[in-house]
Structure formats: structure tokens, C-alpha cells
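# Commentary on secondary and tertiary structure
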Amino acid sequence: MNLAEKVRQKYSAMVSDLASNAGEPVVIAKKESVKNFMAALRADSEFSFDLLMDLFAVDYLFWEEKEKRFEIIYNLYSLTKKHRLFIKVQVRETDPTLDSVAGVWPAADWYEREAWDMFGIRFSGHPNLKRILMYESFKGHPLRKDYRYNERQPIIGPLN
Amino acid sequence: MGAVTVDKFSFMTTKLNDAIGWARKFSIFQYPFVTACCGMEYMATACAHYDVDRFGAGFPRFSPRQADVLFVVGTISHKMAPVLKRVYDQMCEPKWVVAFGVCTCTGGFYDNYATVMGIDTIIPVDVYIPGCPPRPENVLDGLMKLQDKIQNQKQEV
Ligand code: SF4
């Protein structure tokens, strides 16, 4: 039984599906319970995911087979158990909101700000959800697939 | 073999404009505005192997008020643009600007939401050094072109 299956066995109420990507186990979690799920994975001594290595979003706008537009990907690692797990959460275009995990891993703070800045994913309960890379006057979210690649918003200088 | 007498040669004639130009072109205090990968090549040029000090430009000043030449080295983003403009505005006349690398010349291969399409859309540029990144020889060539420009321009005093 691989790691993802173990996780599903223990937390079946919070997991909606399993997948694998390049040999790495992937757990697809339910959006509603994501914060509790993450807190449990961190606290559980069987998994003890004490390190959030990455958190990012993907926009599947042009993938017809994807019912939900955005996927938020958590890359968890356990320093004591030396194992890794990817968790994905899918959100709809109309409501790109999910709970912040900044209370579980403080490292999530800036990652979530980046996902907000680039994709417009709202993390409710985040202590300071504002842009991290772009400037405050910037309109829109540049890594969304429907943001035109050559649409520029200079602070000074011409539009070219 | 007698003693060399120098009294015949103890003066020379020149034009004030040329003399000031000569002095200025060999005492370039540069402000390195380094933002990206081109910085490595800038460092290679500045270090002993290529020794930019041979051209009188070996003295980087990290205050724009003490600098003569602004070296813009690396990608300039729209977020950085107001900072670059302010640094330029703070420099005293006479001042020159070198665009180092294609990113600063034209935006280079970037064509996206983040990058300024050439710093000459924001500040005037005197010498463009293309290359991604330019080799040190290329940089020295650009520097010598800048020296020519300084020498031959009308010197404001
Ligand atoms: S020109 Fe090339 S090396 Fe220089 S900053 Fe741009 S990408 Fe980097």
C-alpha cells in the first residue's frame, strides 16, 4: 500500500480520489475540509508532514476534460519519515476560494499570496492576502490562461 | 648622450573642450544597476581578467549622486521601472546611460506582462550593448564607444 492509499484509508472522509504523477503518489482532497486535512496530516505521527515544500496553482482553462478550472497543489514532505506526498485540491472558476493553511505551516503565507497574485485564488483566513510579486495597481492575475500574454500595465513609460 | 631638456616641451596646446573630454572619459564613476543574469558578465568584466580599470571605469559608486554613468545590467520589470527612473533623476549632470544586455536594449526575448520593452522607453540611453549576456570583450567595446562619445561631445561645465 503506498502512501496515498494509506492516507485515504485513514482520512477517507476528506479525500475524494487518488492519482499518481511520474511515480509520485497524489491525493485529491476535498476542498471543504482542506485545512483540517492538512492539520491532521501534520499532526499525525504516522505521516508527520512537517514541511510544506511548495504550494502553487494550475489553470486548466483549455483542458476540456477538466471540469474544474484551477488546481491547487501542495507538496508535502516529512523530515522525520523522509517521504513526500502531493495533494491537489480543485476549485471552480466561479468560486476560486479555499481555506488558508498558513495556520498549519507558516511557510504557506507567501505561497498563498503568490497563488492569489498570479491566479486569483482566494485563501480565506489568510492573515495578509495581498499581492506579493506584482504591484498593487496591477489589474487581473497574469498567469491565468485568459490573461493576454502581451497585455502590459506599466507604472511609468508607454504602453508598448 | 646629454641630459634630455624638457623646457622646450613644458607646455602643450589643446582645446578646453578636448581636455575636459579627455579627463571625463578616463574617470568614469559608474553606478551598476544590476538586476539579473547579466550581472555575472558585468562582474567578469570588472574583475582582474578583463580589468575595466584600464579604461578608468573601475570605481563603482553605489550612490547615484556620485556616479557619471548608469550601467543598467539586467531585466527591468515594470515594478522596477520607477526605481530606475528615480536613480537616473538623482544623478548629477553630466551623465550617461549604458544599456547592458538585450533585456535592457529591447526587452530581449521577454514579451510579457512583467518586462519593460527596452529602458529607452523610460530614460535616455547613450550606448546599447546587445548580447544575452554580452561577452566582456563586447562590454569593453561598448565602453570604448562611450568614451568616444564623451570625448567628442560638447562639454558642459
Ligand atoms: S540579456 Fe540575457 S543574460 Fe542579460 S539579463 Fe537579459 S536574460 Fe539575463
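Residues numbered from 1 in each chain as written. Chains lettered and ligands numbered in written order. Predicted model: local features only at pLDDT ≥ 70, side-chain atom pairs only at ≥ 80, totals over all residues. Heavy atoms only, no water.

### Overview of helix H1 (residues 16-25) of chain B
Residue and element names in this part refer to chain B. Counted only if it meets this: Accessibility here uses a 1.4 Å probe with only protein chains present; expressed as a share of the type maximum, an area under 20% marks a residue as buried, one over 50% as exposed, and anything in between as partly exposed. Numbering of helices and strands runs from the N terminus; a helix is a DSSP stretch of H or I covering at least four residues, while a strand is a stretch of E covering at least two. As used here, the arc belongs to the directions running from the helix axis to the C-beta atoms. In this analysis, two residues are considered to be in contact whenever any of their non-hydrogen atoms come within 4.5 Å of each other.
Those residues of H1 not exposed but buried are Ile 20, Gly 21, Arg 24 and Lys 25. The arc enclosing the buried residues of H1, seen along the axis, measures out at 125 degrees, which places them on a common side. For H1, the exposed residues set more than 90 degrees away from the buried face come down to Leu 16 and Trp 22. Of the surrounding elements, those touching the buried residues of H1 are strand E4 (96-100) and helix H5 (136-152).

### A few points about the pairing of strand E4 (residues 70-78) of chain A
Residue and element names in this part refer to chain A. Quick reminder of the rule: Each pair of strands is called paired provided DSSP finds at least two bridges between the two strands.
Burial of E4 is extensive: eight of the nine residues sit out of reach of the surface. One ladder, built from eight bridges, connects strand E3 (residues 51-59) with E4; its direction is antiparallel. Its bridge partner being in E4, Ala 57 is matched across the sheet by Ile 72.

### A few points about the site of the ligand
Stated precisely, the cut-off is as follows: One heavy atom suffices: a residue is near a molecule or strand as soon as one of its heavy atoms comes within 4 Å of it. Residue classes follow a fixed rule: Ala, Val, Leu, Ile, Met, Phe, Trp, Tyr, Cys and Pro count as nonpolar, while Asp, Glu, Lys and Arg count as charged, and any other residue, Gly among them, counts as polar.
Around the ligand sit B:Ala36, B:Cys37, B:Cys38, B:Gly74, B:Thr75, B:Gly101, B:Val102, B:Cys103, B:Phe109, B:Gly131, B:Cys132 and B:Pro133, and those are all the residues in its vicinity. Classifying every residue of the shell around the ligand by side-chain character gives eight nonpolar, four polar and no charged.

### Re the nonpolar core
Where we set the bar: Residues grouped as a nonpolar core are buried Ala, Val, Leu, Ile, Met, Phe, Trp, Tyr and Cys residues, joined through side-chain atoms within 4.5 Å.
In terms of nonpolar packing, the biggest core is built from 43 residues, with A:Phe37, A:Tyr74 and A:Ile87 touching the most fellow members. Going through the elements one at a time, helix H1 (3-10), strand E1 (15-21), strand E2 (24-29), helix H2 (34-43), E3, E4, strand E5 (83-91) and helix H3 (108-119) of chain A are the ones with two or more residues in this core. Setting aside chain neighbours within four positions, we find A:Phe37 in contact with A:Val7, A:Tyr11, A:Met14, A:Val15, A:Val27, A:Ala29 and A:Ile87. One finds B:Tyr42, B:Ile129, B:Val139 and B:Leu140 within the second-largest nonpolar core, a separate group that totals 20 residues.

Functional significance is not addressed by these values, which are geometric in nature.
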